[in-house]
Amino acid sequence: MRTEIKVPGSCGELLQGFYRGEPLLVTCPIKKFSRITVSDEFEGIEGLGEKSLKMLRKILKLYNVPEFKFGIRLHSELPPGKGMASSSADLAAVAFAVARFMQKKISPEEVAKLAAEIEPTDGIFYPGIVAMNPLTGKFIRQIFLPEKFQIAVFDYGGEIDTLKFNRRSGFQIFELGDTLNFDLMKKSAAENQKILFKPHLKEITKFAEKTGAVAANVAHSGTVLGIFFHEDDFKAKERISKISAKFPVIKFLTQTQICDGGIEIC
């Protein structure tokens, strides 16, 4: 018997701040994943860090299982400390895969609550793109993009203590529509400069838009920067090269797509 699941990571957040008196994060899931296999065909636990092991213990306790005697292998394409939801993807992968292996049903809301008890969480495991409370895991509302986008992920380097920055204050969001507001996303990135400064962010964003990019977002508690391109922009690679050459302060990591969040059964 075998269960395989993958959960997307993120390129930062589309938006982060406070909305109607509570913390808010709008997810930015991308096609880079944490993958997990749970099976009775092998033994041992591989790839689970301290947080993921905490989630395993929580799931076993939830279902009154004293000991998990099967094998677990977790592999991630997501570097830690960058704001790419590596921990959230790992935690969700463990929760959903172990529950499924035990033939139990568990909802994204239940996983979000368990994950938030371990650390502030990114809701990339909710279906679609969502606004949610990263400190409690509570779902707030669905958010829609005006179109599909390619995204180029750049990195300022180093690692960030995401636990520290996810518990800090942020700007007040007074309006939140069903469709992503790029002006609001830009303001969120600019306001976050007061908290986690990213050198030349304004200049990079303006230059990227001049070359043909649509918009940019940031990791509010990490080191990555995302540049959006239209899905059918066949010159995106050329534009990315120009941005990289102009601003050596950022390192190009990958070109991928923004996708719907949620788990995928492999």
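As a starting point, this report considers the structure included with it.

Concerning the overall build of the chain
In step 1: Along the backbone of the chain there are seven helices and eleven strands.
In step 2: Here the C-alpha atoms of the chain give a radius of gyration of 18 Å, agreeing with the 18 Å that 2.2 N^0.38 yields for 266 residues.
In step 3: Dimensions of the chain, computed from the C-alpha atoms along their principal axes, are close to 55 × 40 × 30 Å.
In step 4: Per-residue burial over the chain gives 55% buried out of 266 residues.

Focus on the packing of aromatic side chains
In step 1: Enumeration over the complete set of coordinates arrives at eleven aromatic pairs.
In step 2: Between Y126 and F139, the ring centres sit 5.7 Å apart and the planes meet at 50 degrees, which makes this aromatic pair tilted. With Y126 in the loop between helix 3 (108–118) and strand 5 (129–132) and F139 in strand 6 (residues 139–143), this residue pair connects regions lying 13 residues apart in the sequence.
In step 3: For F139, a relative accessible area of 33% puts it in the partly exposed group.
In step 4: A centroid spacing of 5.8 Å and a plane angle of 75 degrees characterise the contact between F207 and F247, whose relative ring orientation is edge-to-face. In this pair, F207 sits in helix 6 (residues 201–211) while F247 sits in the loop between helix 7 (236–246) and strand 10 (251–257), placing the two residues 40 residues apart along the sequence.
In step 5: Three or more aromatic residues link up through ring pairs in this structure, and these residues are F96, F125, Y126 and F139.
In step 6: When the ring centre of F33 is taken as origin, the NZ or CZ atom of K6, which lies over that ring, is 4.2 Å away.
In step 7: Sitting over the face of the ring of F42, R73 holds its NZ or CZ atom 3.7 Å from the ring centroid.

Quick word on the pattern of salt bridges
In step 1: Applying the stated criterion to the full structure yields 14 salt bridges.
In step 2: The residue R2 makes a salt bridge to E41 at a minimum N-O spacing of 2.7 Å. Taken together, the residues span a long stretch of sequence, with R2 in strand 1 (residues 2–19) and E41 in the loop between strand 2 (22–39) and strand 3 (45–46) at a distance of 39 residues.
In step 3: Owing to a relative accessible area of 52%, E41 belongs among the exposed residues under this scheme.
In step 4: With a shortest N-O distance of 3.6 Å, R73 and E46 are connected by a salt bridge. A residue pair is termed long-range when its members are at least 10 positions apart, and R73 in strand 4 (residues 71–76) and E46 in strand 3 qualify at 27 residues.
In step 5: Given the relative accessible area of 38%, R73 is considered partly exposed.
In step 6: Taking relative accessible area as the criterion, E46 reaches 41% and is therefore assigned partly exposed.

Structural notes on the side chain of R239
In step 1: Summarising the element assignment, R239 is placed in helix 7.
In step 2: Under the relative-accessibility criterion, R239 is labelled buried at 19%.
In step 3: If we skip the residues at most four places from it in the chain, R239 touches T211, G212, A213, F229 and D233.

Overview of helix 5 (residues 182–192)
In step 1: Listing the buried residues of helix 5 in full gives L184, M185, S188, A189 and N192. One face of helix 5 carries all of its buried residues, which in axial projection span an arc of 140 degrees.
In step 2: Contacts made by the buried residues of helix 5 are with strand 1, helix 6, strand 8 (215–218) and strand 9 (224–230).
In step 3: Sitting at the amino-terminal end of helix 5 is N181, which places a side-chain oxygen 2.8 Å from the backbone nitrogen of D183.

Concerning the side chain of E22
In step 1: Along the chain, E22 turns up in strand 2.
In step 2: Owing to a relative accessible area of 18%, E22 belongs among the buried residues under this scheme.
In step 3: Separated by 2.9 Å, the side chains of E22 and N133 make a polar contact.
In step 4: A polar contact of 2.9 Å, which involves the side chain of E22, links it to the side chain of K138.
In step 5: Setting aside its immediate chain neighbours within four residues, E22 contacts G17, N133, K138 and I140.

Quick word on the environment of M102
In step 1: With respect to the helices, strands and loops of the structure, M102 is situated in the loop between helix 2 (86–101) and helix 3.
In step 2: Taking the C-alpha atoms as reference points, M102 and L196, 94 residues apart in sequence, are found 42 Å from one another.
In step 3: Each residue touching M102, except ones within four places of it in the same chain, is listed here: I59, L60, Y63, V65 and F68.

Criteria and thresholds
- Residues numbered from 1 in each chain as written.
- Predicted model: local features only at pLDDT ≥ 70, side-chain atom pairs only at ≥ 80, totals over all residues.
- Heavy atoms only, no water.
- Helix = DSSP H or I, 4+ residues; strand = E, 2+ residues; numbered from the N terminus.
- Rg over C-alpha atoms; globule rule 2.2 N^0.38 Å.
- Buried < 20%, exposed > 50% of the residue type's maximum accessible area, 1.4 Å probe, protein only.
- Phe/Tyr/Trp six-rings, centres within 6.5 Å; stacked < 30°, edge-to-face > 60°.
- Lys NZ or Arg CZ within 6 Å of the ring centre and 35° of its normal.
- Salt bridge = Lys/Arg side-chain N within 4 Å of Asp/Glu carboxyl O.
- Contact = heavy atoms within 4.5 Å.
- Arc of directions from axis to C-beta.
- Polar contact = N/O pair within 3.5 Å; in protein donor to acceptor, adjacent residues only side chain to side chain.

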